[in-house]
Amino acid sequence: MTVAVRVIPCLDVDAGRVVKGVNFDNLRDAGDPVELATTYDEQGADELTFLDVTASFAGRDTTYDVVGQTAEQVFIPLTVGGGVRSVQDVDRLLRAGADKVGINTGAIHRPEVIGEIRERFGAQVLVLSADVRRDGRGGFEVTTHGGRKSAGLEAIGWCARAAELGAGEILLNSMDADGTAEGFDLELIEAVRREVDIPIVASGGAGRVEDFVAAVEAGADAVLAATVFHFGQLTIAQVKDALRAAGYPVR
Amino acid sequence: MKRVVVLDYGSGNVRSVVRMLERVGAEVTLTGDASAALAADGLYVPGVGNFHACVGALVDSGGAAVVRSRVEAGRPVLGVCVGFQSFFEDSTEEGGGRPGLGLWTGQVSRLRAPVVPHMGWSPVTVAAGSTLFRGVEDERFYFVHSFAPHSFDAPALVSTAEHGERFVAAVEDGALAGTQFHPEKSGDAGAHLLTNWLETL
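Since the structure is predicted, the reported quantities are computational estimates derived from the model, not experimental observations.

**Observations concerning the UniProt feature "active site" (unreviewed entry) in chain A**
Residue and element names in this part refer to chain A.
Turning to step 1, where the next piece is worked out: Feature annotation in UniProt assigns "active site" (unreviewed entry) to the following positions: Asp12 and Asp131.
Turning to step 2, where the next piece is worked out: Mapped onto the fold, Asp12 is located in strand S1 (residues 6–14).
Turning to step 3, where the next piece is worked out: Topologically, Asp131 is positioned in strand S6 (residues 126–134).
Turning to step 4, where the next piece is worked out: With residues up to four places along the chain from it excluded, the contact list for Asp131 reads Asn104, Glu141, Val142, Thr143, Asn173 and Met175.
Turning to step 5, where the next piece is worked out: Separated by 3.3 Å, the side chains of Asp131 and Asn104 make a polar contact.

**Some points on the packing of helix H5 (residues 112–121) of chain A against helix H6 (residues 155–165) of chain A**
Residue and element names in this part refer to chain A.
Turning to step 1, where the next piece is worked out: Where H5 meets H6, the closest approach of the two axes is 8 Å, and the angle between their N-to-C directions is 35 degrees. As for how H5 packs across H6, the hand of that crossing is right-handed. In this structure, H5 uses Ile114, Gly115 and Arg118 to contact H6, whose residues at the interface are Trp158, Ala162, Glu164 and Leu165.
Turning to step 2, where the next piece is worked out: Classifying every residue of the contact of H5 with H6 gives four nonpolar, one polar and two charged.

**Focus on the sheet that holds strand S4 (residues 77–80) of chain B**
All names here are of chain B.
Turning to step 1, where the next piece is worked out: Read from one edge to the other, the open sheet built from seven strands follows the order S2-S1-S3-S4-S12-S11-S10, with strand pairing classed as mixed. The open sheet has two edge strands, strand S2 (27–31) and strand S10 (157–163), and neither has a second partner. Strand-to-strand twist across the sheet, computed as the mean angle between neighbouring axes with direction ignored, equals 25 degrees.
Turning to step 2, where the next piece is worked out: Sheet analysis places strand S1 (residues 3–7) next to strand S3 (residues 42–45), joined by three bridges and oriented parallel.

**Observations regarding the packing of aromatic side chains**
The description of two aromatic rings rests on the distance between their centres and on the angle between their planes.
Turning to step 1, where the next piece is worked out: Going through the model one piece at a time under the given rule, you end up with 15 aromatic pairs over all chains.
Turning to step 2, where the next piece is worked out: Look at Phe184 of chain A and Phe212 of chain A: their rings are 5.6 Å apart centre to centre, the planes differ by 70 degrees, and that puts the pair in the edge-to-face class. With Phe184 of chain A in the loop between strand S9 (169–174) and helix H7 (186–195) and Phe212 of chain A in helix H8 (residues 209–217), the pair connects residues that are 28 residues apart, well separated along the chain.
Turning to step 3, where the next piece is worked out: Ring plane angle 85 degrees and centroid distance 5.4 Å describe the contact between Phe84 of chain B and Phe88 of chain B, whose orientation is recorded as edge-to-face. Both residues of the pair, Phe84 of chain B and Phe88 of chain B, belong to the buried class.
Turning to step 4, where the next piece is worked out: Three or more aromatic residues link up through ring pairs in this structure, and these residues are Phe84, Phe87, Phe88, Trp104 and Phe152 of chain B.

**Quick word on the packing of helix H2 (residues 57–73) of chain A against helix H1 (residues 15–23) of chain B**
Turning to step 1, where the next piece is worked out: As a packed pair, H2 of chain A and H1 of chain B sit with axes 8 Å apart at the nearest point and diverge in direction by 40 degrees. Here H2 of chain A lies oblique to H1 of chain B, going by the angle between them. As for the relative orientation of H2 of chain A and H1 of chain B, their crossing is right-handed in sense. Contact with H2 of chain A, carried on its side by Gly68, Ala71 and Glu72 of chain A, involves Arg15, Ser16 and Arg19 of chain B of H1 of chain B and no other residues of that element.
Turning to step 2, where the next piece is worked out: A breakdown of the residues in the contact of H2 of chain A with H1 of chain B according to their chemical character gives one nonpolar, two polar and three charged.

Calculation rules
- Residues numbered from 1 in each chain as written.
- Chains lettered and ligands numbered in written order.
- Predicted model: local features only at pLDDT ≥ 70, side-chain atom pairs only at ≥ 80, totals over all residues.
- Heavy atoms only, no water.
- UniProt positions renumbered as here; feature names shortened; annotations may be inferred.
- Helix = DSSP H or I, 4+ residues; strand = E, 2+ residues; numbered from the N terminus.
- Contact = heavy atoms within 4.5 Å.
- Polar contact = N/O pair within 3.5 Å; in protein donor to acceptor, adjacent residues only side chain to side chain.
- Axes fitted to C-alpha atoms, helices over the stretch in contact; angles between N-to-C directions.
- Left-handed = near helix turned anticlockwise from the far one by under 90°.
- Nonpolar A, V, L, I, M, F, W, Y, C, P; charged D, E, K, R; others polar.
- Pairing = 2+ DSSP bridges.
- Phe/Tyr/Trp six-rings, centres within 6.5 Å; stacked < 30°, edge-to-face > 60°.
- Buried < 20%, exposed > 50% of the residue type's maximum accessible area, 1.4 Å probe, protein only.
- Parallel < 35°, antiparallel > 145°, perpendicular 65-115°, else oblique.

Shown next as structure tokens:
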């Protein structure tokens, strides 16, 4: 493997403002996604992910503006997800300045949209975002509504199907591990890795630098985290140092 | 100030291309207008998505003819990603029927690697004497692609990268150049490379 393991901070954006606390001393406005994105870029982030959690259409317009402003100042790839349901939604985000677009519930409701997006823009723009939890029977299931509802879909099969339909990457978020800071769900990563040959971004549960190394050993091509970076508990450089020490290439 | 036209033929996210070229000091116009594209000091040909769809749009919009005229006149052209691929003869990507511009011999074909697309930052083995990579020979650049040219037969500066196997990452062939990676998304390294290109204009 010569391609570097990507370390990706994730920002939850609501009507143009970063939500989920951000705690950096040197920021003028911790709620400003553009300033935060610039800071992460300077710290060596390999990509940025914005998750648009805006409920209203009006608020969503503000998010498009923020994506545009970020793309004008930050020259690393930007993935934007949240509320994407159609080719038109993808078109709008790409025009705003996103490089990749994440799709989650929209693909669960209508899997054909994956193929439609691939046809128009290519697989490389499309990230299948899967919120996965353990199903209590030794397997994994896809959830919606932030992990509260079952989508009635077996998760590993869903990831494989999405890859076949035309997703270019999987953002694999463990809802069980999310927020625990006790490490990624390694069995989940291993199970998806066995079934798909598109890149996997591991998400949910990062607490210590060792967690990131373990996720890559389990088969992740990239690692994503929010809280540990936002609160300054870990820096991107620390994560990369640990990956490098474990023998993985980093930028 | 060097005048660069980013060729607008309906392909992909060109906003960051424009912004990056402005950052490195170019006077940038995003247009599909042939006379503007012919007159510019440099022409930047972007491209994402399916090879054949991209080439189709490039040819049908008149952009391909502009590229040919410029190359014949020795006026600089830089193609990026599928824009770069379109300079070759053809691609094995599905949805065929629109062959490439054939400015370079050779085929674009699918990467053979355990994980595809090749998505992320990779080092480039830089051709000796490269102008584009001067000062950034040891940097990583951002790639996102499933297909690539794998060989280059003519005399030119050919830089390579590896993902499962070696492929052509950049070509400098007089006025005609191209990169498989995205300089506009490659942070400071990409900015440096584009500065090098501007200096050749």
